[in-house]
Amino acid sequence: MDDKSDGNRTGTLMDDKNGRSRAGILMDDKNGRSRAGILMDDKSGGNRDEILMNEKIGGNQWLRKWIHILGSCLFLLYMAGLVYFLFLSEGFGHGGVGEYDINIYPFREIWRYIRYRDVLGTRAVLINLAGNVIGFLPFGALVPLMFRGARKLWRTALLSFEISALVEVTQLIFHVGCFDVDDMILNTLGGVLGYLMFAVLSRWYLRVESRAN
């Protein structure tokens, strides 16, 4: 017992054969309050809380790895489906080679489908307007999931525009479907909306992960 300090301190230390501290109890009544500290070490000298934290981190890494693998599979399936519907599907007007048209004026076809929606029919409007937007939603959501460099809105929008432009130029060269700048606008919009979906879901996932830890 040592009273060199202002308060009385009582220390009880128990050592094992290797001289490691197994348990220590410190009581301090300097201000009339008692404090107790218990230190517990395992055989390797590591803290049990630290071991549990490492296990949680390892579990989170395992989950992220499987999310990345699943995202890769979905991205490959999506690209294959995109190529099919844009170039091979007769139901979407790409089966014939004879019919071909070019639109280089932005928003001309968009306005035409809106203005003459009663004449053209609901199906034609949905396929040409909503279809071009929805078709690129998965692209905008999966690209930032797969590539860290694309986790910015402007980069995903630029990639969406570039892929859409590549599709339209390919259609122009092979005379499949039609070259339409409005499709590029709608595809880019779909990519942006897909990125926003990714951003919202990723923030939700991080909040759930932080609460779990």
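See above for the structure.
All figures in this text were calculated on a predicted structure; none of them were measured in a lab.

**A closer look at the nonpolar core**
Ranked by size, the top nonpolar core spans eleven residues in total: Phe75, Tyr78, Leu82, Leu86, Phe136, Phe139, Leu142, Val143, Met146, Ala150 and Val167. Of all elements in the fold, only helix 1 (48-88) and helix 5 (137-146) reach the threshold of two or more residues within this core. What Ala150 contacts, discounting residues up to four positions off in sequence, is Val143, Pro144, Arg155, Thr156, Leu159 and Tyr195. The next biggest cluster of nonpolar side chains, apart from the first, holds six residues, and it includes Ile110, Val125, Leu129 and Leu186.

**Re the environment of Val83**
Mapped onto the fold, Val83 is located in helix 1. Classification of Val83 as partly exposed rests on a relative accessible area of 42%. Taking the C-alpha atoms as reference points, Val83 and Val167, separated by 84 residues in sequence, lie 8.9 Å from one another.

**Considerations on the packing of aromatic side chains**
As enumerated under the stated definition, the model contains five aromatic pairs in all. Here the aromatic rings of Phe75 and Phe139 are separated by 6.4 Å at their centres, their planes lie at 35 degrees, and the arrangement is tilted. A residue pair is termed long-range when its members are at least 10 positions apart, and Phe75 in helix 1 and Phe139 in helix 5 qualify at 64 residues. Of the residues examined, Phe75 reaches a relative accessible area of 16% and is grouped as buried. Connected via pairs of aromatic rings, a cluster forms that spans Phe75, Phe136 and Phe139.

**Examining the layout of surface pockets**
Space inside the second largest pocket adds up to approximately 750 Å³. Forming the walls of the second largest pocket are 22 residues, and the residues nearest its centre are Ile67, Leu145, Arg151, Phe198 and Ser202. Sorting the residues of the lining of the second largest pocket by element identifies helix 1, helix 5 and helix 7 (181-212) as the ones contributing at least two each. In terms of residue count, the dominant contributor to the lining of the second largest pocket is helix 7 (nine residues). The class makeup of the residues in the lining of the second largest pocket is 15 nonpolar, three polar and four charged.

Calculation rules
- Residues numbered from 1 in each chain as written.
- Predicted model: local features only at pLDDT ≥ 70, side-chain atom pairs only at ≥ 80, totals over all residues.
- Heavy atoms only, no water.
- Core = buried A, V, L, I, M, F, W, Y, C linked by side-chain atoms within 4.5 Å.
- Buried < 20%, exposed > 50% of the residue type's maximum accessible area, 1.4 Å probe, protein only.
- Helix = DSSP H or I, 4+ residues; strand = E, 2+ residues; numbered from the N terminus.
- Contact = heavy atoms within 4.5 Å.
- Phe/Tyr/Trp six-rings, centres within 6.5 Å; stacked < 30°, edge-to-face > 60°.
- 1 Å grid on protein atoms, 1.4 Å probe; cavity = no way out; pocket = protein on both sides within 12 Å on 5 of 7 lines; lining within 4 Å.
- Points joined across faces, edges and corners; volume = space filled by probe spheres on them.
- Nonpolar A, V, L, I, M, F, W, Y, C, P; charged D, E, K, R; others polar.

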